Amino acid sequence: MNTVQQSEQAFDKKDSKLVISHIIFAFVALLIGGIAGLLQGLVRSDMIQLPAGIGYYQLLTAHGVLMALIFTTFFIIGFLFSGMSKTLGGKLLPRARTLGWLGFIHMGFGTLVATVMILLNKATVLYTFYAPMQASPFFYFALVFVVVGTWMSAAGMIYQYRYWKKEHKGETTPLTAYMSIITMSLWVIATLGVAVEVIFQLIPWSLGWVEGINIMLSRTLFWYFGHPLVYFWLLPAYICWYVMIPKIIGGKIFSDALARLSFILFLLFSIPVGFHHQLMEPGISPFWKFLQVVLTFLVVIPSLMTAFSLFASFEIYGRSKGAKGLFGWFKYLPWKDIRFFAPFMGMLIFIPAGAGGLINASNQMNAVVHNTLFVTGHFHLTVATSVTLTFFGITYWLIPAMTGRKLTPKMHKLGRMQTWVWVAGMAMMSGAMHIVGLFGSPRRTAYSDYNGHPDAAAWEPYYIIMAVGGTVLFIAVLMMIYNLYKLFTLPKGYEEYPIGEVSDLAEKPPKLFERWGFWVSIVVILILMAYTIPVIDILNNPSGGSKGFVTW
Ligand code: HAS
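Residues numbered from 1 in each chain as written. Predicted model: local features only at pLDDT ≥ 70, side-chain atom pairs only at ≥ 80, totals over all residues. Heavy atoms only, no water.

With that out of the way, let us pick up the overall build of the chain. A count of helices and strands for the chain gives 15 helices and zero strands. Taken over C-alpha atoms, the radius of gyration comes to 23 Å for the chain, in line with the 24 Å a tight globule of 552 residues would show. Expressed along its principal axes, the backbone C-alpha trace of the chain runs to roughly 65 × 50 × 45 Å. Relative to its full complement of 552 residues, the chain shows a buried share of 60%. In the chain, the proportion of contacts linking residues at least 24 apart, taken out of those at least 6 apart, comes to 85%. Placing the 37 positive and 22 negative side-chain charges of the chain at their respective mean positions leaves the two points 8 Å apart. (Helix = DSSP H or I, 4+ residues; strand = E, 2+ residues; numbered from the N terminus. Rg over C-alpha atoms; globule rule 2.2 N^0.38 Å. Buried < 20%, exposed > 50% of the residue type's maximum accessible area, 1.4 Å probe, protein only. Contact = heavy atoms within 4.5 Å. Lys, Arg positive; Asp, Glu negative; His and termini not counted. Charge placed at Lys NZ, Arg CZ, Asp CG, Glu CD.)

Take a look at the structure:
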């Protein structure tokens, strides 16, 4: 079946239900996380005081967990299931769908328990849940449910993929499905680290079965997971940029092989780089930090390839319409189409966002920005703008495609307004965070005037801009929730699930790209190279172990 025929079929009803449930759950998390974000922004700038019984760090934990971990994961899994269904046979196999539902139930249950624990103030450990801050064991059990749920969903997708491969011997896997499998493989390999941390360190320690916890080991295991986590967020956005955007603008995918290669490079290089989050920590020798920084710069390459490919798709399309000059193609892009506009703003903002990442990754500059609001500014541009705006852009066609409805010009307009408000709010908030971070203002702290210190006084105007930006962003969250509701009330009709076709000039991807054994072996070798000796060092020089602290 070719890609054009696929996109003209209505979506399978049972699959729609699975996908929509994930998306709605994601947006509920976004709304609650958004409320926490608004309040914490206002507290941080000293504009409001929280009522007794609600703590700043409690809000910060709710915000981080619900936005960064839950909104993203539910959205991604729903979106990837939709792509697997669309491009691998037109519907999910019953077993794949069942695994998807089991995953959803586990993740949902884990999320509810974790949220209750945060609301009860028994898990105010922020979204990175760093030891020695110690949450209730229920919080850690809840995390296990979430992660095990994602593994079930991954198993469902892999099952669908393997079945399709058996039925289509020798055929190249459709690009969307191929990218989804890489995204989920990256996730499964990465979550092994945090699973070891939670099951073998945090749970026994929070239950009081062991007295001390090896902090260095727990942080190293966390960041082994924590960095590929950011690419787990990014890759689904890249699926949209590589596969859907060319179709939406009326062009073609520049190169299928280049797209696949960039995803393989993410799989290889996104995991053995966690130390770039620990550059300022003692206990890891500079050589291993250096090695992981080199690998960090290698993981930038697939993003540069993506930028190249996107520019090429835009330019080839524009020129086919008669565009002249270096940037003449720009005006041929469908600016009024929200399916394009929101992800495009995400791409545009990914340029400064990525540049910030390069600053963070450079050892000497990391010493300036680490643990400051600069880093908070960085991840609000990357995950909270480039990725999130792309997810919003996907939502605008995904919901109508799932529910048999048609986007209207009014909906496109509402979407564009929402996007502008988000961009304006983020420009203020993240811009101020970047600047005040360079002035030394720390991240992860409530408001303090540091006993009237003049340096801290100079930060105050930026806090106000952050709070105003955060309020504008909250309005944008409400607008998005309203738009989501409107998407379910659109007139009945047909909205395509946009799957781009590959340019006629592009070469076929080599068969080697689907030799999973080969690629996973390289991943394992790279992980062993980057981590074996440092982990042995950490185990050989245990810090004595720390007892748990409840600092809130
Ligand atoms: Fe990062 C910290 C380094 C990318 C998220 N990062 C974080 C944290 C988060 C995060 C959440 O090395 C905080 C964790 C915590 O709580 O402590 N990051 C990088 C590097 C990259 C990078 C090198 N980060 C991301 C992405 C994220 C994300 C993506 C989420 C989705 N980051 C770091 C480091 C730290 C860090 C350190 C630790 C800091 C510390 O000290 O704590 C790179 O992957 C970035 C490469 C990107 C590019 C941009 C390519 C541009 C493209 C757009 C093209 C545009 C077009 C449209 C075509 C090189 C693809 C243009 C059209 C026109 C008309 C102009």
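That shown, we press on.
Around the ligand lies a shell of 36 residues, among which Y127, Y231, N366, H370 and H378 are the nearest. A361 places a polar main-chain atom, nitrogen or oxygen, 3.2 Å from an oxygen atom of the ligand. Note that a nitrogen atom of the ligand is positioned 3.1 Å from one of the side-chain N or O atoms of H378. Secondary structure elements with two or more residues in the shell around the ligand: α7 (215–249), α9 (286–320), α10 (338–361) and α12 (373–403). (Near = heavy atom within 4 Å. Polar contact = N/O pair within 3.5 Å; in protein donor to acceptor, adjacent residues only side chain to side chain.)

Looking now at the environment of H380. You can see H380 is positioned in helix α12. Residue class for H380 comes out buried when judged on its relative accessible area of 11%. On a C-alpha basis, the gap between H380 and G325 in space is 34 Å, while along the polypeptide they are 55 residues apart. Not counting the four nearest positions on each side in its chain, H380 is found in contact with H63, T385, M426, M429, S430 and M433.

Moving on, we come to the coordination of the iron atom of the ligand. On the protein, H378 (NE2) is the one donor atom to the iron atom of the ligand, at 2.2 Å. Considering the arrangement of structural elements, one finds H378 in helix α12. (Donors = N, O, S within 2.8 Å, 3.2 Å for Na, K, Ca; no water.)

F139, M244 and F314 are the most contacted members of the largest nonpolar core, which totals 174 residues. Of all the elements, α7 adds the most residues to this core, at 25 residues. Other than its neighbours up to four places away in sequence, F314 contacts I245, I249, W329, L333, F340, F344 and M347. (Core = buried A, V, L, I, M, F, W, Y, C linked by side-chain atoms within 4.5 Å.)

The next thing to look at is the packing of aromatic side chains. Following the criterion strictly, the structure yields 54 aromatic pairs and no others. Relative to F104, the ring of F25 has its centre 5.8 Å away and its plane inclined at 85 degrees; by these criteria the two rings are edge-to-face. Of this pair, F25 sits in helix α2 (residues 13–44) while F104 is found in helix α4 (residues 94–119), placing the two residues 79 residues apart along the sequence. Accessibility expressed as a relative area gives 15% for F104, which makes it buried. Among the aromatic residues, those joined into a cluster by ring pairs are F11, F27, F71, F75, F79, F391, F392, W397, W422 and Y497. Above the ring of Y130, the side-chain terminus of R219 is found at 4.0 Å from the ring centroid. Over the aromatic face of Y178 sits the side chain of R260, whose NZ or CZ is 4.7 Å from the ring centroid. (Phe/Tyr/Trp six-rings, centres within 6.5 Å; stacked < 30°, edge-to-face > 60°. Lys NZ or Arg CZ within 6 Å of the ring centre and 35° of its normal.)

Turning our eyes to something else, we now look at a nonpolar patch on the surface. A cluster of nonpolar side chains, F141, L207, W209 and V210, forms an exposed patch at the surface whose accessible area comes to about 410 Å². On the secondary structure map, L207 appears in the loop between α6 (175–206) and α7. (Patch = residues over 30% accessible without salt bridge, like charges linked within 9 Å, V, L, I, M, F, W, Y side chains within 5 Å. Areas by Shrake-Rupley, 256 points an atom, 1.4 Å probe, with all protein chains shown as cover. Salt bridge = Lys/Arg side-chain N within 4 Å of Asp/Glu carboxyl O.)

Right, let's get into α6. End to end, α6 covers 44 Å across 32 residues, agreeing with the expected 46 Å (1.5 Å per residue, within 8%). By the largest-angle criterion, V198 marks the main kink of α6, which is about 35 degrees. With 27 of its 32 residues buried, α6 lies for the most part within the structure. One or two residues past the end of α6 sits G208, with phi positive at roughly 85 degrees. (Expected span 1.5 Å × (residues − 1). Bend = angle between axes of the 7 residues up to and from the residue.)

It is worth spelling out unusual backbone geometry at this point. A131 connects to P132 through a cis peptide bond whose omega is 10 degrees. Within the secondary structure, P132 sits in the loop between α4 and α5 (137–167). In this structure, F129 is a non-glycine residue whose phi angle is positive, near 30 degrees. Position of F129 among the secondary structure elements: in the loop between α4 and α5. Phi is positive for Y450, close to 45 degrees, though the residue is something other than glycine. With respect to the helices and strands, the residue Y450 is situated in the loop between α13 (409–438) and α14 (454–487).

For S386, the location among the structural elements is in helix α12. Once residues lying within four places of it in the same chain are set aside, the contact partners of S386 are W241, G346, I349, F350 and L381. A distance of 3.3 Å separates a polar side-chain atom of S386 from the backbone nitrogen of F350.

Within the element layout of this structure, Q160 appears in helix α5. Those residues in contact with Q160 that sit more than four places away from it in its chain are M84, L88, K91, L92, L93 and A96.

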